[in-house]
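Examination of the molecular architecture
Spelled out, the chains give:
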Amino acid sequence: LAKTTQPISMDSYEGQEVNITCSHNNIATNDYITWYQQFPSQGPRFIIQGYKTKVTNEVASLFIPADRKSSTLSLPRVSLSDTAVYYCLVGDPGGTSYGKLTFGQGTILTVHP
Amino acid sequence: NAGVTQTPKFRVLKTGQSMTLLCAQDMNHEYMYWYRQDPGMGLRLIHYSVGEGTTAKGEVPDGYNVSRLKKQNFLLGLESAAPSQTSVYFCASSYTTRLSYEQYFGPGTRLTVT
């Protein structure tokens, strides 16, 4: 998995849009960008995955510029329940990787009332 | 569907004792994984399995053994527990790894070794 860099922590308020940026300068051609969310005392939960441009689902959007050296997870109108750790992972899940995940320290997002 | 379940939820062991953690999934997934998470850190892969009867080492396999005798179950064993194995253990499974890093995680087992 390619090395990623993301902010250690972020603060926001209810109703705001939150953007968490992840840097991955050494991303390879076959690599995908994946984001997980982890609440305290729970296992991580898959949020979104993308390869290029923009991906959107019911939870979040993922923006990936043309050079793919960074990506931004966007959470619209956050609520207190979005307080969690967010992990950015970059790699090729196929082949002999067998989908193995390597998590960094992640970004601690705290949403305030 | 229950998804991924883990047994037990909590356990306290004395140094040198042994135990087995059970992971079960009812989604007919081929791939299963065991991770550990230490305070303030991300998850690290211990062992994984790409199908029934197969196992392989991950990033931190020392002190652990695994078995996958049935497709739906993945067991993690500690033969002689050490304080350094105090951690939260997560099991995960996925249907396919082709073009996808989507894994489903269990609720975790909090293990303390004294």
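In what follows, the accompanying structure is described. (Residues numbered from 1 in each chain as written. Chains lettered and ligands numbered in written order. Predicted model: local features only at pLDDT ≥ 70, side-chain atom pairs only at ≥ 80, totals over all residues. Heavy atoms only, no water.)

Focus on the overall build of chain B
- When helices and strands are counted, chain B shows 0 helices and 11 strands.
- Each helix (α) and strand (β) of chain B, taken in turn from the N terminus, gives the series β-β-β-β-β-β-β-β-β-β-β.
- In terms of principal-axis extent, the alpha carbons of chain B reach across some 40 × 30 × 25 Å.
- Expressed as a percentage of contacts within chain B between residues at least 6 apart in sequence, the contacts between residues at least 24 apart total 55%.
- For chain B, the exposed area adds up to about 5,400 Å²; of that, 52% sits on carbon and sulfur atoms. (Helix = DSSP H or I, 4+ residues; strand = E, 2+ residues; numbered from the N terminus. Contact = heavy atoms within 4.5 Å. Areas by Shrake-Rupley, 256 points an atom, 1.4 Å probe, with all protein chains shown as cover.)

Observations concerning the interface of chain B and chain A
- The partner chain A presents 24 residues to the 22 residues of chain B that form the contact.
- Buried surface at the junction of chain B and chain A, both sides included, amounts to about 1,900 Å², of which 57% is carbon and sulfur.
- Between the two partners, chain B and chain A, sit 0 salt bridges.
- Our count for the contact surface shared by chain B and chain A stands at 5 residue pairs in polar contact (both at pLDDT 80 or more). (Buried area = accessible area lost by both parts, 1.4 Å probe. Salt bridge = Lys/Arg side-chain N within 4 Å of Asp/Glu carboxyl O. Polar contact = N/O pair within 3.5 Å; in protein donor to acceptor, adjacent residues only side chain to side chain.)

Here we look at the environment of Leu43(B)
- Structurally, Leu43(B) is set in strand β5 (residues 43–49).
- You can call Leu43(B) buried: its relative accessible area is 0%.
- C-alpha of Leu43(B) to C-alpha of Phe90(B): the two residues are 47 residues apart in sequence and 8.4 Å apart in space.
- Ignoring anything within four residues of it in the chain, the contact list for Leu43(B) reads Gln38(A), Pro44(A), Phe103(A), Tyr35(B), Arg36(B), Gln37(B), Phe90(B) and Phe105(B). (Buried < 20%, exposed > 50% of the residue type's maximum accessible area, 1.4 Å probe, protein only.)

Topic: the pattern of salt bridges
All names here are of chain B.
- Summed over the entire model, instances satisfying the criterion amount to 3 salt bridges over all chains.
- Linking Asp38 and Arg36 is a salt bridge whose minimum nitrogen-to-oxygen distance equals 2.9 Å.
- For Asp38, a relative accessible area of 13% translates into the label buried.
- Residues participating in the shared-partner salt-bridge network are Arg36, Asp38 and Arg44.

What to know about the sheet that holds strand β2 (residues 18–23) of chain A
Residue and element names in this part refer to chain A.
- A sheet is described by the order of its strands in space; here 4 strands give the open sequence β2-β7-β6-β5, paired in antiparallel fashion. The sheet terminates laterally at β2 and β5 (53–56), the two strands that pair on one side only. Between one strand and the next, the sheet's axes are offset by a mean angle of 15°, whatever the strand orientation.
- Sheet topology note: the strand β6 (residues 61–64)/strand β7 (residues 70–75) ladder contains 3 bridges and is antiparallel. Residue pairing for β7: Phe63 is matched across the bridge by Thr72. (Pairing = 2+ DSSP bridges. Axes fitted to C-alpha atoms, helices over the stretch in contact; angles between N-to-C directions.)

Regarding unusual backbone geometry
- The amide bond that connects Thr7(B) to the next residue, Pro8(B), takes the cis arrangement and shows omega of -5°.
- Among the structural elements, Pro8(B) can be located in the loop between β1 (4–7) and β2 (10–13).
- Even without glycine at this site, Thr53(A) takes up a positive phi of about 55°.
- Here Thr53(A) shows up in strand β5.

Focus: the sheet that holds β1(B)
Residue and element names in this part refer to chain B.
- Here 4 strands make up an open sheet; going across it, the order is β1-β3-β8-β7 and the pairing antiparallel. Looking at strand neighbours, the two that pair on one side only are β1 and β7 (65–67), the edges of this open sheet. Averaged over all pairs of adjacent strands, the angle between strand axes in this sheet comes to 20°, irrespective of strand direction.
- Bridging between β1 and strand β3 (residues 19–25) involves 4 bridges; their strand directions are antiparallel. Residue Val4 lies in a different strand from β3, and its bridge partner there is Gln25.

Considerations on the state of the cysteines
- A full pass over the atoms with the stated rule returns 2 disulfides over all chains.
- What pairs with Cys22(A) in a disulfide is Cys88(A), and their sulfur atoms sit 2.2 Å apart. Here the disulfide of Cys22(A) and Cys88(A) is left-handed, its torsion about the S-S bond being about -85°. With a gap of 66 residues between them, Cys22(A) in strand β2 and Cys88(A) in strand β8 (residues 84–91) connect regions that are remote in the sequence.
- Note on Cys88(A): relative accessible area 2%, which makes it buried.
- Paired through a disulfide, Cys23(B) and Cys91(B) show a sulfur-sulfur distance of 1.8 Å. Every disulfide takes its handedness from the sign of the S-S torsion; for Cys23(B) and Cys91(B) that torsion is -75°, giving left-handed. (Disulfide = S-S within 2.5 Å.)

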